[in-house]
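# Observations on the three-dimensional arrangement
In case you want the letters, here they are:
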Amino acid sequence: MLTDNIFKLLKKNSKDEDQLSAAFGFLLKEDPEILSDFLNKLGISFSKSDLKGIDIETLAPYVFNSKTSIIDLQLELSGKFIIFLESKIVLTKIGRILKQIKPYNNILRSKETEYENGTRLV
């Protein structure tokens, strides 16, 4: 689900964690300065004109090795970079987090050659 319209996001995601991801995605989409700062902190190279072309999507589904993963927030600029963000708002054991994000890492590794500025898992 794209984050370009806050009214499409409200109450669509019932979990607080999903609401956090949707709100952060909307903030990034609506404020180029915050988006720019965020990408800089991740070491992503981009031009000012790139900022308008970045797709930001919440609850992005991926099927990889016959398993479906739902990415909390995805930022993508075709051919340039792709970023997966996983939100956590409650204390979660590290083993559980690692089990959850391992498929995300595998998906990103399979896509590395598609993006000149690489992939990130945050």
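Just so it is clear, the model here is predicted, and its values are computed rather than measured. (Residues numbered from 1 in each chain as written. Predicted model: local features only at pLDDT ≥ 70, side-chain atom pairs only at ≥ 80, totals over all residues. Heavy atoms only, no water.)

### Quick word on the pairing of strand 3 (residues 81–85)
- Along strand 3, 5 of the 5 residues are buried, which leaves the element largely enclosed by surrounding structure.
- Residues Phe-81, Ile-83 and Leu-85 of strand 3 are buried on one face, and the alternating residues Ile-82 and Phe-84, pointing to the opposite face, are buried as well.
- Taken together, the 5 bridges between strand 2 (residues 67–77) and strand 3 define a ladder with antiparallel strand orientation. Residue pairing in the sheet places Leu-75 in a bridge with Ile-83 of strand 3.
- Taking the residues between adjacent antiparallel strands as the criterion, strand 2 and strand 3 are bridged by 3 residues, where Gly-79 takes a positive phi near 80°.
- Bridging between strand 3 and strand 4 (residues 119–121) involves 3 bridges; their strand directions are parallel. Note on strand 4: the bridge partner recorded for Ile-83 is Arg-120.
- In the classification by handedness, the crossover that spans strand 3, the intervening helix 4 (residues 94–111) and the parallel strand 4 is right-handed. (Buried < 20%, exposed > 50% of the residue type's maximum accessible area, 1.4 Å probe, protein only. Helix = DSSP H or I, 4+ residues; strand = E, 2+ residues; numbered from the N terminus. Pairing = 2+ DSSP bridges. Right-handed = clockwise from strand over helix to strand, strands pointing away.)

### Comments concerning the sheet that holds strand 1 (residues 55–64)
- The 4 strands are arranged 1-2-3-4 in an open sheet whose pairing can be described as mixed. Both edges of this open sheet fall to strand 1 and strand 4, since each of them pairs with a single strand only. Within the sheet, the average angular offset between the axes of one strand and its neighbour, ignoring direction, is 30°.
- Judged from the 9 bridges that link them, strand 1 and strand 2 form a sheet pairing that is antiparallel. Along strand 2, the bridge assignment pairs Ala-60 with Ile-71.
- In this fold helix 2 (residues 16–30) packs onto strand 1, strand 2 and strand 3, with an angle of close to 20° to the strand it touches most, strand 2. (Axes fitted to C-alpha atoms, helices over the stretch in contact; angles between N-to-C directions. Contact = heavy atoms within 4.5 Å.)

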